[in-house]
Structures are given as structure tokens and as C-alpha cells.
Amino acid sequence: MKNACAPFEGKKITLLGLGLLGRGAGDAEFLANCGAHLTVVDVKSRSELAEPAARLERFSSVELHLGEYKKEDFMSADLVIKAAGVPLDSPEIKIAKENNVPVAMSTALFAKYAMENGATVVGVTGTRGKSTVTQMIFHALQSTKRKSHLGGNVRGVSTLAMLPEIEAGDICALELDSWQLQGFGDLQISPHVSVFTNLMPDHQNYYASMEEYFSDKANIFRYQHGTDFLFAGKDIVEKVAAMQSPAAPQVPAPIPDDWKLKILGEHNRENASFASAALRALGLSDEEIKSGVESFEGVEGRLQFVREVRGIKIYNDNNATTPEATIAALRALGKNITLIVGGSEKGLPLGQLVSSTKQHVSHVILLTHENYKGSVRLANELKSAGVAFEEANDLNSAVACAMKQTKSGTILFSPAFASFGMFKNEYERNDQFLRLVRALD
């Protein structure tokens, strides 16, 4: 995209939220290279944000205001770019809007300018399955040599910084969580091809109700046109249809029984049906779709087979941060499972997780930490159901305990909760588990 920097060059921009995952720093580097005058603000201290802050020190046009928010940073900017997870009703956003300063989000800005320059955007959301569906779509597109890009909720990737690579006719596959979709609502845009896999309780520590959560996710189709495509899960298609989107929602047909996937579980066959429907809407043939989904090897941290040690298969399902995600993994793996579970509270029901644990799991190892209120609640429910468990106060102890307890079968790390407290984020948890398992002898 030849004019990728034009919307930002010479503009005074406040970036609200630097974050630890690399996306914020990538956004800032791109904007600085475009000639923007950038103020990066975050409530975290400089020591907490040492790594991303260090990436920006070479730019004379970037000011870092870390550890506190200054009112003036939101009063005189040409644009405020809000990080995902910053509440829409935050005081800083209110100040910006009171001073007629536009507020946007980086992934939505990318989508807006990519579409205006002739690219096709495919957006995928849902409580579960969005990572797998998005990356399966991208993998299939890459397999057919179509020029495509992967962005959105992807670790370490600044989607905004991909703008210079975009050309007319390209396809952009975006994984979109509810927070990123707030930005689509602000700009009143939706993808050309939208996938809404399912809606389950999640992020109840952020949203006051499921309706608020759904409303943010509904931006994936709210501003579509009659020539666009919308695919929704069978459990939510009526709820989606009630919004009367210009693009009528379709439930994808199941993939044929003879399609052999490399990823386990009925939930992944359903994910493949969503990917197949989106790919068909993009013009791929059935042969190309079949080849693409069958050769897809999965996403790190999503029921990922890591290795076999002494006849025991070890799976990393780190990204399972809800009970429903862990239940799906248990069903996919069957019986005789040693489950490593536990984390920080999300306020979600645990009854079905306990029932599935009784049905599929032979040993439970519960991660405990002073901030892991979710583990405390799960411990109480396991005790009430008569399910024995052992406690481990760090991941190293949990893996060692699992290897000691497991004589045959499978070890599954599927937390069912968020990571905060013991870890900075779920990616640190993921990396630590992989290191520990790969070091086993």
C-alpha cells in the first residue's frame, strides 16, 4: 500500500496502552516511522515495561509517559489509539471525546485502510475456536499461493504495521476478540467475510453482562453489506439473525466424514467447517479447501501435541482459559488423562468441568498461588464432588508431579483459567510449560 503512512504523517497521536506482548510497541514503531509525533502512555511503570519501552528509545518523535496518565495527553491530540482491554468508559477516553479527539483502535484502522485500498478482510470471532479457524484459513490461502496476511489477536504481531505490505486483491485473515471489535464499532466497519463461531460466558470480570459481551462481538457483522458473507454457529445463529444484518447468517455445513484432520476433537472438525465456508466464499475450490484443512497442523497452545516421554503423550492446551475449552480438550483425548489445571478467576461456572473431570481424568494436579482464586473455587468444587487432587505451587512442580503420577496415557495442561498472578500473561505460561516438557528425559 503506497500511501500507508499518509493518514498518520505529521499527526499528533496518543497511544493509550503499550502492553507487554509486542503489539503496542510494533504499532508505535510503525507510527514513528510514518512521521507521527507520538505520545505513548501506560499505567504500568517503566520497569514493568522495560522491554517494549527500550524498542522506542531510538525515536526522537516518541515520548513515553509511563506509570501515570496525564490529562493533557488526551486533550490536544489529533488521534488517540486505544489498546484492546482499555475500558470504553475509562476517564482518558472520556477526556478525549469531550475535546473532540477521535478515538480508534489499531486493528480496526488497519482493516479500514486495507479495505479502502482493495484488500479483502476475513474476520473471525467467538469465545472458542477463533485462533484455530483464523490460522486454518490463512494456512489454506498460503497453500494455494494466494497473497494473504495473518493479523489481529496474534502474539507479537502489530497488524497496523502490516499496512505497507497490503496490495489490492490481497486477503487479510484477522482473529478478532471482543475488545478489538470495539474498534470496528467505532469506525462502523465490518469484514467482507465474517465468522462468529460461538458465544459462551467469558471475560465476566470486564463485561457487566453477556449482552454487553455479545454487543462488542456483533460488530463483526453489524456494518456488513448485502454482498458480504456471514457464518455463525448453530447455537447463536438465531441471536445473530435477530440483529438483522444485511448479510444473512449461514450455519456452515459439516466437513465430509472422509476428511482426515491432523488436529484432534469434534470441536476442531467444527472449526474446519467454519474455515471451509469462509474459504469457499473467497473462491477456493473444494479440492483446495480439503488440501488446506487436512494439512493444517494446529496452533501452539491449542491442544498442541508436544512430545511423547516414556510412552506418555503430553499436550499443551495453555490457551484454554475457560472451563468450556478444557472440557473440549478432555473430550478430544478420551480417558486416562492426567490434568494440570488452575489459574486466576474469571467468575465462570465450574460444574460441567468437574463432571468432565470425573469422566475423563485419572489424576488432577491443581496449580495454586495466592492470586489464584479460580483454583480455590475449583478445589472446593472438586472436594464436594469427591474428586481427589494434588496441589502444585508452580508449573515446574506440576509437571514433575504429573510425570510421577502418570504411568500410561496422556498428560494434558489445560488451565481453564487466566494466567495472571503466577505469570505476566498466558504467553509466559505457555513458553514455560513448553520449556519444561522439552527438557524432560
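Structure's up top.
Everything numeric in this text was worked out from a predicted model, so none of it was measured. Counting of residues starts from 1 at the beginning of each chain's written sequence and follows it residue by residue. For a predicted model such as this one, the threshold for reporting local features is a pLDDT of at least 70, and the threshold for listing and counting side-chain atom pairs is 80 or more; totals across whole chains, interfaces and linings nevertheless cover every residue. Note that water and hydrogens are dropped before the side-chain values are worked out from all heavy atoms of the structure.

Participant: Where do I start with the overall build of the protein in this structure?
Facilitator: Per the secondary structure count, the protein includes 16 helices and 17 strands. To get the radius of gyration, use the C-alpha atoms; to get the globule rule, take the number of residues to the power 0.38 and multiply by 2.2 Å. Here the C-alpha radius of gyration of the protein, 22 Å, is about what a compact globule of 441 residues would show, namely 22 Å. Along the longest, intermediate and shortest principal axes, the C-alpha atoms of the protein span 65 × 50 × 40 Å. Of the contacts made within the protein by residues no fewer than 6 positions apart, 74% connect residues no fewer than 24 positions apart. In this description, accessible areas are obtained by the Shrake-Rupley approach with a 1.4 Å probe, and a residue is regarded as covered only by the protein chains that are shown. For the protein, the accessible area works out to roughly 18600 Å², and carbon and sulfur atoms hold 47% of it. Numbering of helices and strands runs from the N terminus; a helix is a DSSP stretch of H or I covering at least four residues, while a strand is a stretch of E covering at least two. Contacts were defined at the residue level, with two residues in contact if any of their heavy atoms lie within 4.5 Å.

Participant: Which parts of the structure should I look at to understand the state of the cysteines?
Facilitator: A disulfide bridge is the covalent bond that connects two cysteines by way of their sulfur atoms. In plain terms, two cysteine sulfur atoms within 2.5 Å form what is called a disulfide here. For the coordinates displayed, the defined rule picks out one disulfide. Here cysteine 5 pairs with cysteine 34 through a disulfide, and the sulfurs are 2.1 Å apart. One quick way to see it: the torsion about the S-S bond of cysteine 5 and cysteine 34 is about -65°, and its sign makes the bridge left-handed. Of the two residues, cysteine 5 is situated in the segment before strand E1 (12–16) and cysteine 34 in the loop between helix H1 (23–33) and strand E2 (37–42); the sequence distance between them amounts to 29 residues. Note on classification: 1.4 Å probe, protein chains only; a residue is buried when its accessible area is under 20% of the maximum for its type, exposed when over 50%, partly exposed between these limits. A residue is classified by how much of its surface remains accessible, and cysteine 5, at 25% relative accessible area, is partly exposed. We note that cysteine 172 lacks a disulfide partner, and the nearest cysteine sulfur, in cysteine 34, lies 16 Å from it. For cysteine 172, a relative accessible area of 0% gives the class buried.

Participant: Would you mind going over the sheet that holds strand E3 (residues 62–66) with me for this structure?
Facilitator: Think of a sheet as strands paired side by side through backbone hydrogen bonds, with each pair either parallel or antiparallel. For two strands to be treated as a pair, DSSP must find no fewer than two bridges joining them. With parallel pairing, the five strands of this open sheet are ordered in space as E3-E2-E1-E4-E5. Both edges of this open sheet fall to E3 and strand E5 (103–104), since each of them pairs with a single strand only. Pairing analysis gives five bridges linking E2 to E3, with the strands arranged parallel. Bridge pairing in E3 places threonine 39 opposite glutamate 63.

Participant: Where do I start with the sheet that holds strand E14 (residues 337–341) in this structure?
Facilitator: Across the sheet, which stays open at both edges, the six strands sit in the order E12-E13-E17-E14-E15-E16 with mixed pairing between neighbours. Both edges of this open sheet fall to strand E12 (304–309) and strand E16 (390–392), since each of them pairs with a single strand only. The mean inter-strand angle of the sheet, taken between neighbouring strand axes irrespective of direction, is 20°. Across five bridges, the pairing between E12 and strand E13 (residues 312–316) is antiparallel. Think of each axis as a best-fit line through the C-alpha atoms, taken over the contacting stretch in the case of a helix, with angles from 0 to 180 degrees between the N-to-C directions.

Participant: Even after reading the chapter, I still don't get the nonpolar core, so can you show me in this structure?
Facilitator: As a rule of thumb, nonpolar side chains are buried together in soluble globular proteins. By convention a nonpolar core is built from buried Ala, Val, Leu, Ile, Met, Phe, Trp, Tyr and Cys residues, the set being connected through side-chain atoms within 4.5 Å. By size, the foremost hydrophobic cluster in this structure holds 57 residues, and its most contacted members are Phe8, Leu31, Phe110 and Leu163. The dominant element in this core, judged by the number of residues it contributes, is helix H4 (residues 106–116), at six residues. In contact with leucine 31, other than residues within four places in its own chain, are Phe8, Ile13, Ala36, Leu38, Ile81 and Leu160. With 31 residues, the next largest nonpolar core counts Leu141, Val195, Phe274 and Leu284 among its residues.

Participant: Looking at this structure, how should I read the packing of aromatic side chains?
Facilitator: To describe a pair of aromatic rings, one takes the distance between the centres and the angle between the planes. For Phe, Tyr and Trp, where Trp contributes only its six-membered ring, two rings pair if their centres lie within 6.5 Å, and the inter-plane angle classes them as stacked under 30 degrees, edge-to-face over 60, or tilted in between. Taken as a whole, this structure holds eight aromatic pairs when the rule is applied. Between phenylalanine 196 and phenylalanine 221, the ring centres sit 6.5 Å apart and the planes meet at 40°, which makes this aromatic pair tilted. Placement of phenylalanine 196 in strand E9 (residues 193–196) and of phenylalanine 221 in helix H8 (residues 219–222) is noted, with a sequence separation of 25 residues between them. An aromatic cluster is defined as three or more aromatic residues linked by ring pairs; in this entry it consists of Phe8, Phe30 and Tyr113. Remark: a charge is flagged as sitting over a ring if the NZ atom of Lys or the CZ atom of Arg is within 6 Å of the ring centre and within 35 degrees of the ring normal. Looking at lysine 239, its charged tip hangs above the ring of phenylalanine 214, at a distance of 4.7 Å from the centre.

Participant: Where do I start with H1 in this structure?
Facilitator: Side chains three or four residues apart in an α-helix point the same way, a direct result of the helix having 3.6 residues per turn. For H1, the buried fraction is high: nine of the 11 residues fall into the buried class. Of all the residues in H1, the buried ones are Gly24, Ala25, Gly26, Asp27, Ala28, Glu29, Phe30, Leu31 and Ala32. Summarising the contacts, the buried residues of H1 are in contact with E1, E2, helix H2 (50–56), E3, strand E4 (79–82) and H4.

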